[in-house]
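If you want the building blocks of each chain, they are given just below.
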Amino acid sequence: MLNNIKISRYVKKNSIVDKMNTTSKLISLLLFLTISSISYNIYIHTLLLFIIVILILLSKISIIEYLKSIRYIVYLIIGIFVINVILKEEIIFIFLNIIKIIELVLYTSLITLTTSESELVYGLNNILKPLNIFKIRTNKIAFILSLSIRFIPLVIDQLNRIIKSLSSKGIEFKKTKLRNKILILKSIIIPIINLSLKKADELAESMEIRLYDVNKERTNYKYNKWTFLDSIIQILFIFILLIEVII
Amino acid sequence: MEIKFNNVDYSYNKINYLEKEVLKNINIEFLEGKINGIIGRSGCGKTTLIELVNNLLTPTKGLIKVGEYIIDSKKKFENINELRFDVSMVFQFPEEQFFNPTVKKELEIILKLFDYKLDQIEKRIFDVLKMVGLNQEYLNYNPLKLSNGEKRKLAIASSLIINPKVLILDEPTIGLDSKSKNDLIKLIRILKNRYNKTIIIVTHDIDTLHKIADNIYVLNDKKIVLQGNKYEVFKNVKELRKYGITVPKIIEFSNKVLLKKNIKIGYRDDINDLIKDIYRYAK
Amino acid sequence: MDIIKINNLTYSYKNKTIFNNLNLNIKEKTFITLAGSCGCGKTTLVKILTGLIDGNFNIEIDKLKLSKENIKEIRKELGVVFENPDNSFIAETVEDEITFSLENIGMNKEEIKKRVSKISNELKINHLLEFSPYSLSGGEKQIVALAAALVSEPKILVLDESLSMLDGVKKEEIFKYLKKLNREQKITIINITQDLEESIYGKELLLINNNNIVLYEKISNAFNNEKIFKECNLELPFMALLSTKLKYYGLVDDIILDMDKMVNILWK
């Protein structure tokens, strides 16, 4: 069995958050980010954090996964802290900036952990649909995106196969000299691209035979319907946004 | 070079931290200098078993003795590269692992990575091509443009080039036509008889395996459920069906005659021998 | 009625002649095994029939002329499974993989649900529906690919060496299922393979050697001439080979393909 490389962080838990409509999730992300970035009101941010905590609990995904995302930006946070101190900004300003970044990361994680790749692409497609007025073929953009997502793991997998084959002949990739590493990588790149293109070709043929048509409207079997939680979230965010703008 | 499994378990953790057991309590020994076949349902862990032999995977419990090397689940195994000089593996669909523009370069690269001298490289390549039955003129061909049978031979050649004592083959006959299969059978026999290599084959091509194997190991539900020489194993027609395996037709026939007519016509490899038996008993 | 009519098919690829004036008619509702020496010709034929290779061909599929205008209708009637299932998986789960072709034709969700349920029950893959296709074993992948082709209930099923990774008992089950499908649902099945043991489940055998048809017979008559098979680098199925040799010794009169029958004849 091949190493199953995933670039998606989706964890299937069938939680209420999982079942939310994807377009609505993406719209809520936009609203959330808008509120978070324009507001410097501590009460609003407290409210936003409170909402995040509730959603995290509803998502049934371990808090450790969320903390992993924060780990990636720890240096960014430290950097911002240092810059702000140098610029002699007020402590509360610094504090809110850091909170904003954390909110951004947490809410984005919320979406990516509870939505599969294909759902995300489908939701994105729906959001971009208004652009069709300007004659931009949004379904093709979504299609190209989903193909790229499909292909990156395959290319990495191909690379892994070759390295595995070399290691079973006694060449431990990690331990080889740099000179030899370069020799191997240099030789591998073109065949991998070749093989990936060949696979892409066969994949395209398989899709064509099964009557895939980018231009036609397809049924989406798995697509989530608009749920109650979607309505609550949207109304809540719009409400908060209005408050922020008015006050 | 003895290969022995002592109380070996193997499991891996899936993403959601749920442990998945693949092999449990494996206690077998592969016969040195012989052709050992591993069979079992699709997905039962055959590939995992062989990846434990050359340490692509480490057992979660137990000990594996490969010649003078001991792979212990409790310690880190230090001599991976040395082990793999002696135990070489040819993967499924090896044609997907060629990455050099000529046969010569494909065979050279391993030796170059081990800093072999140029004249040694030339000689090794010459020898190994002869071993697998490929003409020297193949050196300049593009590996991807060879026929399936030739690709397989090249893949085996590139595993033989470091002169291992043990050769492991994962589904070597898949996708080959009749002639290429027969060539492969001849090659494997030569490797055993002339070059004294120990061969381990994982396959579901029972008919091919029947022609060459000495010993068979049957894997089912994480355990080895049957092992022994091929006649001992294959005569258990009904039991093997439970494990998803159909025996070679030549054995199935003799078995049927025994069960239905109570006549023992012997289990054979070659159909001509079977015909002689039938002729003797059919009067 | 002939469901596929191929007239004067001539095709070359990179200076190599693959077909030279090939004429072939395949009967409706047959279960035919297609075998031959070189692998390249057979897959090329499948690609031509499915419209993946362009050209001016005089081919009729289910009374439709093979052309750019008709190709969509033709593809609705054809279910094709290629050899390497890895190169046809596009979905994240097995269930999505199976529903793919139905989604493309805009079928409604309830009907899709029924069809998926039916095919996964028949092929016994219910327990695999939530998995990623890439995480399955070789045999399981091939069965999923078969399910994805059959779910659209095509009139013609083409299998291009697509059951090669199945192990013994599973292969028997699948072929028995295909035989039933052919008999009851009247689906025309074309099985391209190197393993002539598979041909015993079918009704007809077609052998191609050096761009020519060298044999096109009913299964009961197909194995009388051992020489043709040798020339094609193909091994006779065990029972056919056994019968041929026993005929030589005068122990049987005919090619007998059923093992039980043979045992009873030899020891009355």
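Calculation criteria
- Residues numbered from 1 in each chain as written.
- Chains lettered and ligands numbered in written order.
- Predicted model: local features only at pLDDT ≥ 70, side-chain atom pairs only at ≥ 80, totals over all residues.
- Helix = DSSP H or I, 4+ residues; strand = E, 2+ residues; numbered from the N terminus.
- Rg over C-alpha atoms; globule rule 2.2 N^0.38 Å.
- Buried ≥ 20, exposed ≤ 12 C-beta atoms within 10 Å, placed from the backbone.
- Contact = placed C-beta atoms within 7 Å.
- Domains from an automatic or database assignment.
- Core = buried A, V, L, I, M, F, W, Y, C linked by C-beta atoms within 7 Å.
- Pairing = 2+ DSSP bridges.
- Axes fitted to C-alpha atoms, helices over the stretch in contact; angles between N-to-C directions.
- Expected span 1.5 Å × (residues − 1).
- Parallel < 35°, antiparallel > 145°, perpendicular 65-115°, else oblique.
- Left-handed = near helix turned anticlockwise from the far one by under 90°.
- Nonpolar A, V, L, I, M, F, W, Y, C, P; charged D, E, K, R; others polar.

Counting its secondary structure elements, chain C contains 10 helices and 10 strands. Relative to a compact globule of 268 residues, whose C-alpha radius of gyration would be 18 Å, chain C shows 20 Å and is just as compact. Expressed as a percentage of the 268 residues in chain C, the buried residues total 46%. If you take every contact in chain C between residues at least 6 apart in sequence, the share linking residues at least 24 apart comes to 57%.

Of regular secondary structure, chain B possesses 11 helices and 11 strands. For chain B, the C-alpha radius of gyration of 20 Å lies close to 19 Å, the compact-globule estimate for 283 residues. Oriented by its inertia axes, the alpha-carbon framework of chain B measures out at about 65 × 50 × 35 Å. Burial analysis of chain B (283 residues in total) assigns 43% to the buried set. At a minimum sequence separation of 6, the contacts of chain B that also span at least 24 residues come to 63%.

We now examine the interface of chain C and chain B. Of the residues lining the interface, 27 residues belong to chain C; the matching set on chain B comes to 27 residues. Where the side of chain C that touches chain B is concerned, the elements lending two or more residues are α5 (138-150), α6 (168-184), α9 (238-248) and α10 (259-266) of chain C. A total of five residues in the side of chain C that touches chain B trace back to one element, the largest contributor, which is α9(C).

A few words now on the domain arrangement of chain C. Residue and element names in this part refer to chain C. Splitting chain C by domain gives domain 1 (2-230) and domain 2 (237-268). The C-alpha centroid of domain 2 is placed 31 Å from the C-alpha centroid of domain 1. The interface of domain 1 with domain 2 comprises seven residues on the first partner and six residues on the second.

Here we take up the nonpolar core. Membership of the largest hydrophobic core comes to 151 residues, with the highest contact counts inside it found for B:V53, B:A157, B:I168, B:I200, B:V218, C:V144 and C:A147. The element best represented in this core is α5(C), accounting for eight residues. A:I35, A:L48, A:L106 and A:I240 belong to the second-largest nonpolar core, a separate cluster that totals 15 residues.

This part takes up the sheet that holds strand β10 (residues 215-220) of chain B. Residue and element names in this part refer to chain B. In space, the six strands of this open sheet follow the order β7-β8-β9-β4-β10-β11, with mixed pairing throughout. Whereas interior strands pair on both sides, the edge strands pair on one side only; in this sheet they are β7 (87-90) and β11 (223-229). Ignoring strand direction, the axes of neighbouring strands in this sheet form an average angle of 15°. Sheet analysis places β7 next to strand β8 (residues 166-170), joined by four bridges and oriented parallel. Residue S88 lies in a different strand from β8, and its bridge partner there is L167. Contacts from helix α1 (residues 46-53) reach β4 (35-40), β7, β8, β9 (198-202) and β10, with the element oriented near 150° to β9. In this fold helix α6 (residues 178-193) packs onto β4, β8 and β9, with an angle of close to 145° to the strand it touches most, β9.

All names here are of chain B. Judged from the five bridges that link them, strand β1 (residues 3-13) and strand β5 (residues 61-66) form a sheet pairing that is antiparallel. Across the sheet, residue F5 finds its bridge partner in β5, namely I64. Sheet topology note: the β1/strand β3 (residues 29-30) ladder contains two bridges and is antiparallel. Note on β3: the bridge partner recorded for K4 is E29. Of the pairings in the sheet, the one linking β1 to strand β2 (residues 19-26) comprises five bridges and is antiparallel in character. Its bridge partner lying in β2, S11 is registered against E21.

The next subject is the domain arrangement of chain B. All names here are of chain B. On domain assignment, one finds that chain B holds domain 1 (3-246) and domain 2 (248-283). Each partner contributes to the interface: domain 1 provides eight residues, whereas domain 2 provides six residues. Contributions of two or more residues to the side of domain 1 that touches domain 2 are made by α7 (206-212) and α8 (230-234). Ranked by residues supplied to the side of domain 1 that touches domain 2, first place goes to α7 with four residues.

Right, let's talk about helix α6 (residues 117-128) of chain A for a bit. For α6(A), with 12 residues, the first-to-last C-alpha span of 16 Å sits near the 16 Å given by 1.5 Å per residue. All buried positions along α6(A) are accounted for by A:S118, A:E119, A:L120, A:V121, A:Y122, A:G123 and A:N125.

What follows deals with unusual backbone geometry. Residue and element names in this part refer to chain C. Positive phi is not limited to glycine here, since N15 has a value of about 65°. Note that N15 resides in the loop between β1 (2-13) and β2 (16-27). Judged by the 5 C-beta atoms lying within 10 Å of it, N15 falls in the exposed class. Even without a glycine there, the phi angle at E161 is positive, about 50°. Its 20 C-beta neighbours within 10 Å are what place E161 among the buried residues.

This paragraph deals with the interface of chain A and chain C. Listed per partner, the contact involves 25 residues of chain A and 26 residues of chain C. Counting residues per element, the ones that place at least two in the side of chain A that touches chain C are α6 and α8 (178-209) of chain A. The biggest single contributor to the side of chain A that touches chain C is α8(A), with eight residues.

The subject of this paragraph is the sheet that holds strand β5 (residues 64-65) of chain C. Across the sheet, four strands lie side by side as β2-β1-β4-β5 (chain C); this open sheet has antiparallel pairing. Since the sheet does not close on itself, it has two edges, and those belong to β2 and β5 of chain C, each with one partner.

Now for the environment of A:I209. Examined against the element boundaries, A:I209 turns out to sit in helix α8. The class of A:I209 is buried, set by 24 C-beta atoms lying within 10 Å. Once residues within four sequence positions are removed from consideration, A:I209 is found in contact with C:T50, C:R75 and C:V80.

So, on to the packing of helix α5 (residues 148-160) of chain B against α6(B). Helix-helix packing is characterised by the crossing angle of the two axes and by the distance between the axes. Residue and element names in this part refer to chain B. α6 packs onto α5 with a crossing angle of 20° between their chain directions and a minimal axis gap of 9 Å. Here α5 lies roughly parallel to α6, going by the angle between them. α6 is crossed by α5, and the crossing has right-handed handedness. Between α5 and α6, the residues in contact are N148, G149, R152, K153 and I156 and K179, S180, D183, L184 and L187, respectively. Each residue belonging to the contact of α5 with α6 can be placed in one class, and the counts come to three nonpolar, three polar and four charged.

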